[in-house]
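Structure assessment
Chain by chain, the residues:
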Amino acid sequence: MAILSAARYGKDNVRVYKVQRDEAAGTQSVTEMTVCCLLEGQIASSYTEADNSVVVATDSIKNTIYIKAKEHPVNPPELYAGILGQHFLDTYAHISTAHVRIVVHRWTRMVVDGAPHPHSFLRDGEETRNVEVRVDRAAGIDVASSLAHLLVLKSTGSQFHGFVRDEFTTLGETWDRILSTDIDATWKWKNFAGLDALKAEAATGAFDKAWEDARAIALKTFAEEDSPSVQATMYKISEKILDAAPGVASVSLALPNKHYFEIDLSWHKGLKNTGKDAEVYAPQSGPNGLIKCEVSRS
Ligand SMILES: O=c1[nH]c(=O)c2[nH]c(=O)[nH]c2[nH]1
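Residues numbered from 1 in each chain as written. Predicted model: local features only at pLDDT ≥ 70, side-chain atom pairs only at ≥ 80, totals over all residues. Heavy atoms only, no water.

Per an unreviewed UniProt entry, the protein chain goes by Uricase and derives from Diatrype stigma. Under the UniProt heading Sequence similarities (unreviewed entry), the note attached to the protein chain is "Belongs to the uricase family." Annotation of the protein chain in UniProt includes, under Pathway (unreviewed entry), the sentence "Purine metabolism; urate degradation; (S)-allantoin from urate: step 1/3." (UniProt positions renumbered as here; feature names shortened; annotations may be inferred.)

Take the site of the ligand next. The ligand sits among Phe160, Leu171, Arg177, Ser229, Val230, Gln231, Asn257 and Ile291. With respect to the ligand, the side chain of Arg177 contributes an N or O atom lying 2.9 Å from an oxygen atom. With respect to the ligand, the side chain of Gln231 contributes an N or O atom lying 2.9 Å from a nitrogen atom. Isolated, the ligand exposes 290 Å² of accessible area, and the fraction of that covered by the protein chains is 71%. (Near = heavy atom within 4 Å. Polar contact = N/O pair within 3.5 Å; in protein donor to acceptor, adjacent residues only side chain to side chain. Areas by Shrake-Rupley, 256 points an atom, 1.4 Å probe, with all protein chains shown as cover.)

Position of Thr233 relative to the elements: it lies in helix H6 (residues 230–244). One polar contact links Thr233 to Ser227, side chain to side chain, over a distance of 2.7 Å. Reaching out from Thr233, the side chain makes a polar contact with the backbone oxygen of Ser229 at a distance of 3.1 Å. If sequence neighbours within four positions are ignored, Thr233 has contacts with Glu225, Ser227 and Pro228. (Helix = DSSP H or I, 4+ residues; strand = E, 2+ residues; numbered from the N terminus. Contact = heavy atoms within 4.5 Å.)

Another point: the pattern of salt bridges. Tallying each qualifying case throughout the model produces 15 salt bridges. Note that Lys62 and Asp59 form a salt bridge whose closest N and O atoms lie 2.8 Å from each other. In this pair, Lys62 and Asp59 both sit in helix H2 (residues 58–71), three residues apart, roughly one turn of the helix. A relative accessible area of 22% means that Lys62 is categorised as partly exposed. Note on Asp59: relative accessible area 38%, which makes it partly exposed. Taking the shortest distance from any N to any O, the salt bridge between Asp136 and Arg134 comes out at 3.6 Å. Residue Arg134 is classed as partly exposed on the basis of its relative accessible area, which comes to 31%. Through salt bridges with shared partners, one network takes in Arg106, Asp124, Glu127 and Arg215. (Salt bridge = Lys/Arg side-chain N within 4 Å of Asp/Glu carboxyl O. Buried < 20%, exposed > 50% of the residue type's maximum accessible area, 1.4 Å probe, protein only.)

Written as structure tokens, this is what we have:
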């Protein structure tokens with residue numbers, strides 16, 4: 001005997017672009033995002049009995065993503081995701097939960113001859129701003145905001161020593177190393193009772209501020225701290241993000257340690273390229289350390 005123990009479905013990779021025209025100022029602003037929207041509810045019979053009467057077609061879910069983007073602001077993405085998710089609960093009595101994930105891609109306004117250009121933008125990196133929103137009839141709205149793919153490197157100001165040394169250890173201790181990582185930071189908001197509570201939070205500007213603060217804190221702490229380890233630095237970053245955002249319940253970070261290995265070139269005319277003389281390094285694609293943490297309010 002088999003049972004359907006979990007099911008959700010919807011549309012993934014829906015690419016959406018929206019322009020906002022400020023006629024008075026003569027400027028335009030753009031948002032490009034990739035949306036995934038999955039539904040849960042009384043849909044079991046569509047799997048077990050081929051009963052399509054409970055299926056809102058994924059094509060209609062895609063259409064709804066476009067229509068809600070036209071009817072409502074798409075910024076902040078937390079609000080748009082909440083509005084979209086709530087729509088499915090309000091419209092279909094048998095749908096109990098909507099999961100909306102949005103990845104916002106960077107289009108940064110160009111500066112031309114020292115002035116912000118009114119309608120031209122550039123993709124300045126693969127960093128994204130993301131949200132994962134769960135809208136549920138019983139449990140209200142849960143929001144996890146994040147930033148990802150923020151690639152950083154510092155050429156000094158990082159150490160790693162005092163770690164376990166045993167018969168498995170070859171890594172030397174270092175008081176000066178390169179540190180590079182791809183910052184992936186998530187901040188989970190305290191639960192919202194419903195869409196009105198989410199709208200009220202959005203109206204304070206808290207979602208945009210938390211994203212700006214998280215990004216600035218991560219960069220400043222990474223740059224300024226003489227890092228004893230990835231673990232210690234990421235805890236500091238998480239603590240500071242939590243302090244900056246009162247509506248946030250917990251912060252998680254996932255940091256790959258992107259290694260740069262010294263190269264011994266002494267075999268060539270006695271070239272000195274290790275320790276204090278190291279200048280040419282070999283960046284590694286893998287294996288890499290992967291260090292994660294979640295920091296919550298005590
Ligand atoms: O900051 C670090 N943390 C580790 O746990 C670790 N392990 C390792 O080999 N290098 C590093 N660096």
